[in-house]
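Structural overview for review
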Number of protein chains: 2
Amino acid sequence: MGRTSTAKEKLISSAIELIGTRSYNAVGVQELCDHSGVKKGSFYHFFPSKRDLTLEALDAMWNMFKNETLDPVFNSDISPVDKFNAIAVKSYEHQSSTKDCIGCVTGCGIGNLALELSTQDEIIRQKIEQIFEQWAQYFEDVIVDAINDGDLSVDTDPRSTSQAILAYVEGVSLMGKTFNDPNMISRLSEGMAQICISKKKTAAGERM
Amino acid sequence: MGRTSTAKEKLISSAIELIGTRSYNAVGVQELCDHSGVKKGSFYHFFPSKRDLTLEALDAMWNMFKNETLDPVFNSDISPVDKFNAIAVKSYEHQSSTKDCIGCVTGCGIGNLALELSTQDEIIRQKIEQIFEQWAQYFEDVIVDAINDGDLSVDTDPRSTSQAILAYVEGVSLMGKTFNDPNMISRLSEGMAQICISKKKTAAGERM
DNA sequence: ATATTATTTTACCAACTAGTCAACTATAAG
DNA sequence: CTTATAGTTGACTAGTTGGTAAAATAATAT
């Protein structure tokens, strides 16, 4: 009943675009509305607050990333290494085309919000924590596979290793954004592979 | 001539504290002044803008980190691995005591500003890029030492490896802040060591 | 002791912030 | 066609933002 609207969806994609390329605090409700062609009264008809929009934008970002990147790669029938490589290639291509398009590397929209808001908004922090846990789960599953296939040492701890890989992915994004250089991302796959290598195998002889 | 003042120093340390635990855009000039016990007119006597304060705060953060953490560790006469371990331990201790003190893990103040402002303020982005380059240089030097000592494969590319380690350090900080858990940082040393391990068969040293 | 200069203070600004509200309008369902 | 309801609109807060201008004050070098 009543009339229908696309305002909510438009606001969410504007939030992804504007907050994603700048920051939460640098983008105001008014700008979000102008960019969406929505009046401020409508904004507050659909969202109790700017924070609630951001929470929904975070969900949308994560779903897009899952559907367009994670699921296609991790559901495909390729080797664990190739899965990491595929993620690295997709990440590079994404940052690279963003740079071509708007002139700057924007990094990971989720990681950006994580650093900006984790100490300021507990609800948003928890949402991002959940997203990161799901994201790391993709890595963990493939690490378990690799251990079972004998491609990785049985000494590898899947959980902490998957978190380390996610940390590395986020760190590389941060470097790419800071240097405004997509090429920073091209080292991603090599580093991910190295993090997987269990230390214990070399404990006897080598120092590092 | 004229009178002397500590206002500038007080403003810089307030900036490090307040912007470091929240964010650039979340902390206003007025709050910086109140926290320093300095009037706004004095603020603009010493700094042309909030951005200029931030630039000086960034310098101060980097110098503190160098003097208190990097130099003591990297100038000491311990093995490369132990140097990485020492950095990891100091990072953990710092985040841990911050959490005890103010209730949250704040991560790396420089990395926080990097993600918040890199796409918005080119001058600040460049300053952080320079800091990261100096920081990576510490890692690069020790990697070269390790190669010369035979502790690391001669195939290791010191430059890209040092950047990868810095990426990992920043990524781990990001995870620690997002999960609000200093224990995230304790995996730091293991990951750093693994990133150093060169895959001996890699074709050529890719650029970063 | 004075002139010089660095610093402090107060009051101010225009633009912007997130958020509110009540009147208005379009529409889908009965 | 009516009515209930979902969505739209524009005007409006109250507080904050970064930044300015000029007068007042304190210290220092001469």
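Residues numbered from 1 in each chain as written. Chains lettered and ligands numbered in written order. Predicted model: local features only at pLDDT ≥ 70, side-chain atom pairs only at ≥ 80, totals over all residues. Heavy atoms only, no water.

Considerations on the overall build of chain A
If you tally the helices and strands in chain A, you get 9 helices and 0 strands. Counting helices and strands in the order they occur from the N terminus, chain A gives α-α-α-α-α-α-α-α-α. With the C-alpha coordinates of chain A rotated into their principal frame, the extents come out at 70 × 40 × 35 Å. Across the 208 residues that make up chain A, the buried fraction comes to 54%. Contacts in chain A between residues far apart in sequence, at least 24 positions, make up 62% of those at least 6 positions apart. Side chains of chain A give 21 positive and 29 negative charges; the mean places of these two sets differ by 6 Å. (Helix = DSSP H or I, 4+ residues; strand = E, 2+ residues; numbered from the N terminus. Buried < 20%, exposed > 50% of the residue type's maximum accessible area, 1.4 Å probe, protein only. Contact = heavy atoms within 4.5 Å. Lys, Arg positive; Asp, Glu negative; His and termini not counted. Charge placed at Lys NZ, Arg CZ, Asp CG, Glu CD.)

Here's the deal with helix α7 (residues 122-148) of chain B
Residue and element names in this part refer to chain B. With 27 residues, α7 should cover 39 Å at 1.5 Å per step; its first-to-last C-alpha distance of 38 Å lies within 8% of that length. The backbone nitrogen of Ile123 lies 3.1 Å from a side-chain oxygen of the residue at the head of α7, namely Asp121. Just beyond α7, the residue with positive phi is Gly150, at close to 80°. (Expected span 1.5 Å × (residues − 1). Polar contact = N/O pair within 3.5 Å; in protein donor to acceptor, adjacent residues only side chain to side chain.)

Description of the pattern of salt bridges
All names here are of chain A. Enumeration according to the criterion identifies 14 salt bridges over all chains in this entry. Arg125 is the partner of Glu129 in a salt bridge, and the nearest nitrogen-oxygen pair spans 2.6 Å. Placement of both Glu129 and Arg125 in helix α7 (residues 122-148) is noted, with a separation of 4 residues, approximately one turn of the helix. Each of Glu122, Arg125 and Glu129 takes part in one network of salt bridges that share partners. (Salt bridge = Lys/Arg side-chain N within 4 Å of Asp/Glu carboxyl O.)

Here's the deal with the interface of chain B and chain A
Listed by partner, the interface residues are 58 residues for chain B and 53 residues for chain A. Carbon and sulfur atoms supply 66% of the area buried between chain B and chain A, which totals about 4,800 Å² over both sides. Taken together, the links from chain B to chain A amount to 0 salt bridges. Taken together, the connections running from chain B to chain A amount to 14 residue pairs in polar contact (both at pLDDT 80 or more). Mapped by element, the contributors of at least two residues to the side of chain B that touches chain A are α5 (80-102), α6 (109-117), α7, α8 (158-178) and α9 (188-196) of chain B. Broken down by element, the side of chain B that touches chain A gets its largest block of residues, 14 residues, from α8 of chain B. (Buried area = accessible area lost by both parts, 1.4 Å probe.)

Looking at the protein's contact with DNA strand C
In the neighbourhood of DNA strand C, 22 residues make up the surrounding shell, with Arg3 and Val29 of chain A together with Met1, Arg3 and Ser42 of chain B lying closest. Looking at DNA strand C alone, sugar and phosphate atoms form 64% of those within 4 Å of the protein. Contact between DNA strand C and Val29 of chain A: a phosphate oxygen at 2.8 Å from a main-chain N or O atom of the residue. Here His45 of chain B contributes a side-chain N or O atom positioned 3.5 Å from a phosphate oxygen of DNA strand C. Counting residues per element, the ones that place at least two in the surface near DNA strand C are α3 (40-46) of chain A together with α3 (40-46) of chain B. Among the elements that make up the surface near DNA strand C, the one with the highest residue count is α3 of chain B (4 residues). The residue inventory of the surface near DNA strand C, partitioned by class, reads 7 nonpolar, 10 polar and 5 charged. (Near = heavy atom within 4 Å. Nonpolar A, V, L, I, M, F, W, Y, C, P; charged D, E, K, R; others polar.)

Focus on the protein's contact with DNA strand D
Lining the immediate environment of DNA strand D, one finds 22 residues, of which Met1, Arg3 and Ser42 of chain A together with Arg3 and Val29 of chain B sit closest. Among all atoms of DNA strand D positioned within 4 Å of the protein, those belonging to sugar or phosphate total 62%. One of the side-chain nitrogen or oxygen atoms of Lys40 of chain B is found 3.0 Å away from a base oxygen of DNA strand D. Here Lys50 of chain B contributes a side-chain N or O atom positioned 2.8 Å from a phosphate oxygen of DNA strand D. Elements supplying a minimum of two residues to the surface near DNA strand D: α3 of chain A together with α3 of chain B. Among the elements that make up the surface near DNA strand D, the one with the highest residue count is α3 of chain A (4 residues).

Thoughts on a negative patch on the surface
Residue and element names in this part refer to chain A. Together, Asp141, Asp145, Asp149 and Asp151 make up a region of like negative charge exposed at the surface. Counting through the fold element by element, Asp145 comes out in helix α7. Using a relative accessible area of 36% as the deciding quantity, one classes Asp145 as partly exposed. (Patch = residues over 30% accessible without salt bridge, like charges linked within 9 Å, V, L, I, M, F, W, Y side chains within 5 Å. Areas by Shrake-Rupley, 256 points an atom, 1.4 Å probe, with all protein chains shown as cover.)

Let's talk about unusual backbone geometry
One non-glycine residue, Asn180 of chain A, lies in the positive phi region at around 50°. Its location among the elements puts Asn180 of chain A in the loop between α8 (158-178) and α9 (188-196).

Observations regarding the packing of helix α6 (residues 109-117) of chain A against α7 of chain A
All names here are of chain A. Across the interface, α6 lies against α7 with an axial gap of 10 Å and an inter-helix angle of 145°. Two packed elements cross with a definite hand, and for α6 against α7 that hand is left-handed. Contacts between α6 and α7 pair Ile110, Gly111, Leu113, Ala114 and Leu117 from the former with Ile124, Ile128, Ile131 and Phe132 from the latter. The class makeup of the residues in the contact of α6 with α7 is 8 nonpolar, 1 polar and no charged. (Axes fitted to C-alpha atoms, helices over the stretch in contact; angles between N-to-C directions. Left-handed = near helix turned anticlockwise from the far one by under 90°.)

Quick look at the relation of the copies chain B and chain A
With an axial shift of 0.0 Å and an RMSD of 0.0 Å, the rotation relating chain B to chain A amounts to 180°. Considering both components of the superposition, the chain copies are consistent with a two-fold axis. For chain B, the smallest separation between a C-alpha atom and the rotation axis is recorded for Gly171 of chain B, amounting to 1.8 Å. Most of the interface of chain B is mirrored in chain A, where 83% of its interface residues are also at the interface. (Least-squares fit on C-alpha atoms with pLDDT ≥ 70 in both.)

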